[in-house]
Amino acid sequence: MDAFYASVEQRDDPSLRGQPVAVAWRGARSVVCAASYEARVFGVRSAMPAMRAERLCPQLIFVPPDFVRYKAVSRQIREIFSRHTDLIEPLSLDEAYLDVTHPKTDLPSATATAEAIRAAIRAETALTASAGVAPNKFLAKIASDWNKPDGLCVIRPHQVEAFLTPLPVGRLPGVGKVMEAKLAALGIDTVGALRAHALAELEGRFGRWGRRLHELARGIDNHAVQSERPTLQISAEDTFEHDLPLDEIEPHIRRLAEKAWAGHLRQHGTGEHRRVARTVVLKLKTSDFRTLTRSLTPSTHPSSAHALADIACALRDRVDQSADHRYRLVGVGLSGFIAAEDEAMQGDLFVGATSVAMASNEKHRG
């Protein structure tokens, strides 16, 4: 979707159309959730501190986010997708992968399917979407950003190499500024230059990631579209009204642990087929915007919000920072989800192994 949250606001409030809009609360502690294309002209981007956005664009109009409304529109769009395929992998409220190898309609091609979906979104929601059509997920992702807004980009199999060759390596998924700098030090600034390096060399320098780089440079991505991706992490976080020292954060950790635990129960249930989280994560952001994380996988998974909060508070004590440090944000999360029956099986295996070891020791003592 094109500038999704901002576009919904402009659709529903005609006075916002053609105006630079930021979906955010105004204030020193707020960040931009989305920016209209009129605001992007001034350099305003999502995840930017609201005060910086306002400095870049003094006439910026701030609109508080309404996620209930955005989720409702997202459900409409998802229903349009489902007319064409059941293989839908949502990435967020406004983005998804669709596998249309075997479509539910009689449309003749993936390109025709993308055009039909975009037309239906425009007709039924009065919003625009951009689409990328390609042989695999990572190419489709790049293509979807290629002709924004309201665009379509198609990369056919025989076009893959020519399309990728001139691209900056930073366009490849997983290549951030640090990796980009490492590659630049080797004289690699485009995908074509990366392709010229042998697999053995890349693996020697970057390990398994070197193999992935080798594949991406050739347009190879074998990750399937997963219609029901398991939740990787459930978390709750909050930005404080005023920066706080570490020893004043515990009440906030406990409050957020309650929220994270409630989200866990909603997503993963409480019955015999529930999923349990094995790892607890604590996230802190300092007053100068550095992010710190601490995690622990205890021998017994947290079984309540109180237990989750206790572990998260213990993780806070592992933060090695001086007393004068201040923090602007804290988050509590759960990850490492497995099925409850799998955990029970692992426990049985552990007990069984212990019993065998004890019996063996007894035998040798005898």
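Procedures and definitions
Residues numbered from 1 in each chain as written. Predicted model: local features only at pLDDT ≥ 70, side-chain atom pairs only at ≥ 80, totals over all residues. Heavy atoms only, no water. Helix = DSSP H or I, 4+ residues; strand = E, 2+ residues; numbered from the N terminus. Buried < 20%, exposed > 50% of the residue type's maximum accessible area, 1.4 Å probe, protein only. Contact = heavy atoms within 4.5 Å. Areas by Shrake-Rupley, 256 points an atom, 1.4 Å probe, with all protein chains shown as cover. pLDDT = per-residue confidence, 0-100. Pairing = 2+ DSSP bridges. Core = buried A, V, L, I, M, F, W, Y, C linked by side-chain atoms within 4.5 Å.

**Student:** Now, about the overall build of the protein chain: what can you tell me, with residues and values included?
**Tutor:** Looking only at helices and strands, the protein chain features 14 helices and eleven strands. Buried positions account for 39% of the 366 residues belonging to the protein chain. At a minimum sequence separation of 6, the contacts of the protein chain that also span at least 24 residues come to 60%. On the protein chain, roughly 20000 Å² of surface is accessible, and the fraction owed to carbon and sulfur atoms is 53%.

**Student:** Now, about the confidence of the model for the protein chain: what can you tell me, with residues and values included?
**Tutor:** Averaged over the protein chain, the pLDDT score is 87; the fraction of residues at 70 or greater is 90%. The low-confidence segment residues 344–366, where pLDDT is below 50, has two contacts with residues more than four positions distant or belonging to other chains.

**Student:** Got a sec to walk through the pairing of strand E4 (residues 88–92)? Specific residues and values, please.
**Tutor:** Relative to strand E5 (residues 95–98), E4 is paired through four bridges, and the arrangement is antiparallel. In the strand pairing of E5, Glu-89 is matched with Tyr-97. Once E4 ends, the chain turns through two residues before running back antiparallel as E5.

**Student:** Run through the sheet that holds strand E1 (residues 21–23), naming residues and quoting values.
**Tutor:** If you walk across this open sheet you meet the three strands as E2-E1-E3, and the pairing is mixed. With one partner strand each, in any of the chains shown, strand E2 (34–35) and strand E3 (61–63) form the two edges of the open sheet. Bridging between E1 and E2 involves two bridges; their strand directions are antiparallel. Residue pairing for E2: Val-23 is matched across the bridge by Ala-34.

**Student:** Can you lay out the nonpolar core for me, pointing to particular residues and giving the numbers?
**Tutor:** In terms of nonpolar packing, the biggest core is built from 29 residues, with Ile-249, Ile-253, Leu-284, Leu-308, Val-330 and Val-332 touching the most fellow members. The set of elements that each furnish at least two residues to this core consists of strand E8 (233–244), helix H12 (250–268), strand E9 (275–286), helix H13 (305–316) and strand E11 (327–339). Ignoring any residue separated from it by four or fewer positions in sequence, one finds Ile-253 in contact with Leu-282, Ala-309, Ala-312, Cys-313, Arg-316, Val-330 and Val-332. Formed by 23 residues, the second largest nonpolar core is a distinct cluster that contains Phe-138, Ile-142, Leu-167 and Leu-194.

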